[in-house]
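In case you want the letters, here they are:
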Amino acid sequence: MSIQWYPGHMNAARKKAAEAMEKTDMIIEVLDARVPQASRNPMIEELRTFRQRPCLKILNKSDLADPVATKKWLDFYNNQKNVHAVALSCKKPSDVAKIPSLCLKIAPHRGTPLKPLRIMIMGIPNVGKSTLMNALLKKRVAKVGDEPAVTKTQQRLYLGNNMVLTDTPGMMWPKIEHPSDGLMLAASHAIGSNALIEEEVATFLADVILMHYPQLLTARYGFPTEGMDGVSVIEGVALRRGFRIKGGELDLEKAAHTFLQDYRVGAIGRVSLETPESRIALLASYKPPPSLSDVEDEVDEEE
């Protein structure tokens, strides 16, 4: 299953972001800590590197991600030029409070009354940009929703401490190159539900969790996982929850939706769907065996 999702307003958003970046000192890119590389928009990377703007990569929702995998991703991004990465939850005020000082360290030549630090917040839909904006400003200035692409226009706001924030709509890119990236993004709710089939996404997610976190499935749903595949996991969820349709057959559609929701809110446990090592394996399936530097090539070689 190849998932593609590029609503029309995102093309206009990209053009406006390119114009605004010219008058920006640094970028905050919000990623989903469970799928950092899959949730990285290559267009943002292209715009940022063209303007040579430093970047603070925020691995948001870190409280939902595997901390071991998150540590590997932080090491990976912090080894890139002009990049500083942190893992946090934008829902925790104490985490968000650290961000302004980090930004001033990244762009020390700005942040004065005459030269305020101009920050642009970017990322794909539903990774938590609006939640971050509201937490930074300590008031509701950006609409927050459970569906992707809630924010559709730019906002320019004053943070205080001689900082100005520009919030941008969540931007996807025209073509998702790797099918597994589309499935990871769909599982993590970064893609609109009209562009996917939940049963297929849930089956993919179940296969990944079976491979890396089978004990979490047993703890959550109470069934042993030996000999199971993704389809049988969804069937097991339907059985355990008593989901049936008229005639007594299992309601796999409802089970798939429930399973996806459990993953998205962390009810299954702390799960990461990719690591730097799995990214190398993914790229190896499309081209000759890469090294870690090939993964960096995928983010437009910030060296």
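Values in this document were obtained by computation on a predicted structure and should not be read as measured data.

A. Structural view of the pairing of strand 6 (residues 163-167). Counted residue by residue, strand 6 has five buried out of five residues, so it is predominantly covered. Covered by surrounding structure in strand 6 are Met163, Leu165 and Asp167 together with Val164 and Thr166, the residues of both alternating faces. Direction of pairing for strand 4 (residues 117-123) relative to strand 6: parallel, over a ladder of five bridges. Paired with Arg118 across the bridge in strand 6 is Val164. Counted between consecutive antiparallel strands, the loop separating strand 5 (residues 155-160) from strand 6 contains two residues, among which Asn161 sits at a positive phi close to 55°.

B. Structural detail: the packing of helix 7 (residues 179-187) against helix 8 (residues 198-212). Here helix 7 crosses helix 8 at 100°, and the two axes come no closer than 9 Å. Relative to helix 8, helix 7 is oriented roughly perpendicular. Judged by residue contacts, Ser180, Leu183, Met184, Ala186 and Ala187 of helix 7 engage Val201, Phe204 and Leu205 from helix 8. Of the residues contributing to the contact of helix 7 with helix 8, the split by class is seven nonpolar, one polar and no charged.

C. Representation of the sheet that holds strand 4. Spatial strand order, 3-2-1-4-6-5: six strands in an open sheet with mixed pairing. Strands at the two margins of the open sheet, each flanked by one partner only, are strand 3 (83-87) and strand 5. Taking each pair of neighbouring strands and ignoring which way they run, the sheet shows an average axis angle of 25°. Of the strand pairs in this sheet, strand 5 and strand 6 are connected by five bridges, and their pairing is antiparallel. By the bridge assignment for strand 6, Leu157 is matched with Leu165. Those strands touched by helix 2 (residues 42-51) are strand 1 (26-32), strand 2 (55-60), strand 3 and strand 4, and its axis lies near 160° from that of strand 1.

D. Fine view of the state of the cysteines. This structure, assessed with the given rule, holds zero disulfides. Residue Cys103 stays outside any disulfide, its sulfur separated by 9.9 Å from that of Cys55, the closest cysteine. The class of Cys103 is buried, set by a relative accessible area of 1%.

E. Examining the pairing of strand 3 more closely. Across five bridges, strand 2 lies against strand 3 in parallel orientation. Bridge assignment links Cys55 to a residue of strand 3, and that residue is Val83. Considered for its hand, the β-α-β crossover made up of strand 2, helix 3 (residues 67-78) and strand 3 is right-handed.

F. Structural context of the environment of Pro36. Locating Pro36 in the fold gives a position in the loop between strand 1 and helix 2. Beyond its immediate sequence surroundings of up to four residues, Pro36 is in contact with Leu31, Leu59, Trp73, Tyr77 and Glu274.

G. Representation of unusual backbone geometry. The phi torsion at Lys61 lies on the positive side, around 65°, for a residue other than glycine. Overall, Lys61 belongs to the buried group, its relative accessible area being 18%.

Parameters at a glance
- Residues numbered from 1 in each chain as written.
- Predicted model: local features only at pLDDT ≥ 70, side-chain atom pairs only at ≥ 80, totals over all residues.
- Heavy atoms only, no water.
- Buried < 20%, exposed > 50% of the residue type's maximum accessible area, 1.4 Å probe, protein only.
- Helix = DSSP H or I, 4+ residues; strand = E, 2+ residues; numbered from the N terminus.
- Pairing = 2+ DSSP bridges.
- Axes fitted to C-alpha atoms, helices over the stretch in contact; angles between N-to-C directions.
- Parallel < 35°, antiparallel > 145°, perpendicular 65-115°, else oblique.
- Contact = heavy atoms within 4.5 Å.
- Nonpolar A, V, L, I, M, F, W, Y, C, P; charged D, E, K, R; others polar.
- Disulfide = S-S within 2.5 Å.
- Right-handed = clockwise from strand over helix to strand, strands pointing away.

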